[in-house]
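# Overview (structure and organization)
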Amino acid sequence: MVQTERQSREFLRMIKWFLVNLWFKIYLNLIGAIYIVKEQILSRPRSLPPYSSQTGKTIVITGGGRGIGEKAVKKLVRLGARVIMGCRSPDLVKKKFDETFNEESVVGSVEVYHLDLMSLASVRSFAQTVISLDCPVHVLINNAGIMFGDRKETEDGFESQLATNYLGHFLLSHLLLPLLERTGQADTPARIVNVSSVAHYCGSWMNFSDLHLHKLYSPEQAYGNSKAAQIMFTSHLSTMLQSSQAPVQVVSLHPGVVYTDLYTNVTWVKIFSLIAKLLMKTAKQGGDTLVHAALDPDLVGSRQVYLENCRQGRNSSFTSRVENQAKLWGLTCSLLGIQQFGTS
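Rules and cut-offs
The numbers attached to residues start from 1 for each chain and follow its sequence in the written order. With the structure being a predicted model, the display of local features is reserved for residues of pLDDT at least 70 and the display and counting of side-chain atom pairs for 80 or more, all residues being used for whole-chain, interface and lining totals. Each side-chain value is derived from all of the structure's non-hydrogen atoms; neither hydrogens nor water enter the calculation. Think of it this way: any DSSP run of H or I at least four residues long counts as a helix, any run of E at least two long counts as a strand, and we number them from the N terminus. Put simply, the radius of gyration uses C-alpha atoms, and a globule should come to 2.2 Å times the residue count raised to 0.38. Three labels apply to residues, based on accessible area from a 1.4 Å probe with only protein chains included: buried if under 20% of the type maximum, exposed if over 50%, partly exposed otherwise in between. Residues count as neighbours in contact if any of their non-hydrogen atoms are within 4.5 Å of one another. Using a 1.4 Å probe, accessible areas were evaluated by the Shrake-Rupley method; residue-level cover was limited to the displayed protein chains. When charges are counted, Lys and Arg contribute as positive and Asp and Glu as negative, whereas His and the chain ends are disregarded. Every charge is mapped to an atom, namely NZ of Lys, CZ of Arg, CG of Asp or CD of Glu. Here, expected helix span is obtained from the residue count minus one, scaled by 1.5 Å. The arc in question is formed by the directions pointing from the helix axis toward the C-beta atoms. What makes two strands pair is DSSP finding at least two bridges between them. Axes, fitted as lines to C-alpha atoms, cover a helix only where it is in contact. Angles between the N-to-C directions of the axes lie from 0 to 180 degrees. We call a set of buried Ala, Val, Leu, Ile, Met, Phe, Trp, Tyr and Cys residues a nonpolar core when their side-chain atoms join them within 4.5 Å. Only Phe, Tyr and Trp rings are paired, with Trp represented by its six-membered ring, and only when their centres lie within 6.5 Å; those with planes under 30 degrees apart are stacked, over 60 edge-to-face, the remainder tilted. Geometric relationships in this document are graded by angle, where less than 35 degrees denotes roughly parallel, more than 145 denotes roughly antiparallel, 65 to 115 denotes roughly perpendicular, and other angles denote oblique. Classification used: nonpolar for Ala, Val, Leu, Ile, Met, Phe, Trp, Tyr, Cys and Pro, charged for Asp, Glu, Lys and Arg, polar for all others including Gly. We count a salt bridge whenever a side-chain nitrogen from Lys or Arg sits within 4 Å of a carboxyl oxygen from Asp or Glu. Every crossover in which the path from the first strand over the helix to the second runs clockwise, viewed with the strands pointing away from the viewer, is termed right-handed.

## Observations concerning the overall build of the protein
- Looking only at helices and strands, the protein has eleven helices and eight strands in total.
- Relative to the compact-globule value of 20 Å for 344 residues, the protein shows a C-alpha radius of gyration of 20 Å, a close match.
- Projected onto its principal axes, the C-alpha coordinates of the protein cover approximately 75 × 50 × 40 Å.
- Out of the 344 residues belonging to the protein, those deemed buried represent 55%.
- Partitioning the contacts of the protein with sequence separation of at least 6, the portion at a separation of at least 24 is 79%.
- Per element, the accessible surface of the protein, about 16,200 Å² overall, is 55% carbon and sulfur.
- For the protein, the distance from the average site of its 35 positive side-chain charges to the average site of its 27 negative ones is 5 Å.

Below you can see the structure in the form of structure tokens.
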């Protein structure tokens, strides 16, 4: 009798797991399809305006060795910016950019240091490296990310997508905020740019008592949770900085449904890669959204900024609720051992 009940519970658990995973796969693909139509037909990607020289500006970016981050870094360097990158394979990435700019006369520069967002120790080490350079930081672009895959835990015990896409960036922003505040001015504030995604709608079922999805794991929900967290982090921090009149602006964005190697775990993209390339935005178009969020002067003064296709967008009602933002903020500070954000 006991054995039968145990088997029944296990069977019901498997059915629940199957239905939850099926729901999030269908939901995320439906959102993706809607946004492909929106981005490529109803609201075409904008070309960037001719931004003025960024000589003298320092921009810190996580990732940037491939995909939209790589395209953004190239454009920023060509505009004259000093770009400080944090990634897991700094030697390979530095070599790539050295080869890219070898035959070009560029005013800007690239420096690459080790950063593994799955390790809080690595995030702290990278932040200390940036601080020790003793230079102003005008923009922090929290770009690096992973998507889908089996459930994994980091050395700190966090679910890997949440750690990489959100927790590591939260900690980095905390550590570099004093530097950004010293750099920013009232009329030209420093910026923090959080690269989120329209997948944040899948985070509308976020369980604050199980952020790391120990009970039931869905790759799509985990990704959606991390992207929803980035938007809520942006909104809460933006409100906090505005109330203290700190010269730092915080922006989040959806770069578009972009064809990059992030989709290596998406079956239909792998099978129909040619069709996917035709339907989805290019990495260059996605990279332009990062450059726009980092540099565009028209964004100065905007109180709450969530961008899609370099335009003001609309995020989910779940991420817009102040009570959700505050709850996640408190939980995150507790997880990371932060007593007061932006203060050592």
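Still more to cover.
## Let's talk about helix α11 (residues 322–336)
- In this model, α11 (15 residues) spans 21 Å end to end at C-alpha, consistent with the 21 Å of a helix rising 1.5 Å per residue.
- Listed as buried for α11 are N324, Q325, L328, W329, T332, C333 and L336. For α11, the buried positions fall inside an angular range of 160° around the axis, keeping them on one side. In α11, the exposed positions angled more than 90 degrees off the buried face are occupied by E323 and S334.
- Buried residues along α11 sit in contact with α4 (120–132), α5 (160–183), α6 (219–243) and α10 (317–320).
- Positive backbone phi, approximately 70°, marks G337, located one or two places after α11.

## Some details on the environment of S252
- As for its position among the elements, S252 is in strand β6 (residues 248–254).
- Beyond its immediate sequence surroundings of up to four residues, S252 is in contact with N194, I231, T234, V305, Y306 and L307.

## So, the sheet that holds strand β8 (residues 311–312)
- Taking strand neighbours across the sheet as the criterion, the eight strands line up as β3-β2-β1-β4-β5-β6-β7-β8 in an open arrangement whose pairing is mixed. The open sheet has two edge strands with one neighbour each: β3 (109–114) and β8.
- Contacts from α6 reach β4 (139–142), β5 (190–195), β6 and β7 (305–308), with the element oriented near 160° to β6.

## Things to note about the nonpolar core
- Ranked by internal contacts, the top residues of the largest apolar core, which has 46 residues, are F170 and M206.
- Sorting the residues of this core by element identifies α4, α5, β5, α6, β6 and α11 as the ones contributing at least two each.
- Considering each element in turn, this core owes the most residues, eleven residues, to α5.
- I61, V73, V305 and L307 belong to the second largest nonpolar core, which has 34 residues in total.

## Let's talk about the packing of aromatic side chains
- In the structure shown here, the tally under the stated rule is 15 aromatic pairs.
- Arranged with centres 6.2 Å apart and planes meeting at 70°, the rings of Y166 and F233 form a pair that is edge-to-face. With Y166 in helix α5 and F233 in helix α6, this residue pair connects regions lying 67 residues apart in the sequence.
- Overall, the relative accessible area of 2% leaves F233 in the buried class.
- Here the aromatic residues Y166, F170, F233, W329 and F341 are joined through ring pairs into a cluster of three or more.

## Things to note about the packing of α5 against α11
- Relative to each other, α5 and α11 sit at 75°, their axes nearing to 11 Å. Here α11 runs roughly perpendicular to α5, going by the angle between their axes. Taken together, the residues of α11 that come into contact with α5 (itself represented by Y166, L167, F170 and L171) are L328, W329, T332, C333, L335 and L336.
- Here the contact of α5 with α11 is composed, by residue class, of nine nonpolar, one polar and no charged.

## Concerning the pattern of salt bridges
- On inspection of all chains with the given rule, the structure shows ten salt bridges.
- Put simply, E308 and K38 hold a salt bridge, and the shortest N to O gap is 3.0 Å. One end of the pair, E308, is in strand β7; the other, K38, is in helix α1 (residues 2–42), and 270 residues separate them in sequence.
- You can call E308 buried: its relative accessible area is 8%.
- Linking E104 and R78 is a salt bridge whose minimum nitrogen-to-oxygen distance equals 2.8 Å. Within this pair, whereas E104 is found in the loop between α3 (90–101) and β3, its partner R78 is found in helix α2 (residues 67–78), the two being separated by 26 residues in sequence.
- In this structure R78 comes out as partly exposed when scored by relative accessible area, which is 43%.
- Because the salt bridges share partners, they merge into one network encompassing E70, K74 and K96.

## Describing the pairing of strand β1 (residues 58–62)
- In terms of burial, β1 is a largely internal element, five of the five residues being buried.
- Going residue by residue along β1, you find T58, V60 and T62 tucked away on one face and I59 and I61 tucked away on the opposite face as well.
- Of the pairings in the sheet, the one linking β1 to strand β2 (residues 82–87) comprises five bridges and is parallel in character. By the bridge assignment, T58 is partnered in β2 with R82.
- Viewed along the sheet, the connection from β1 through α2 into β2 turns out right-handed.
- Taken together, the three bridges between β1 and β4 define a ladder with parallel strand orientation. Opposite V60, over in β4, you have L140 as the bridge partner.

The quantities given are spatial measurements derived from coordinates; they are silent on function.
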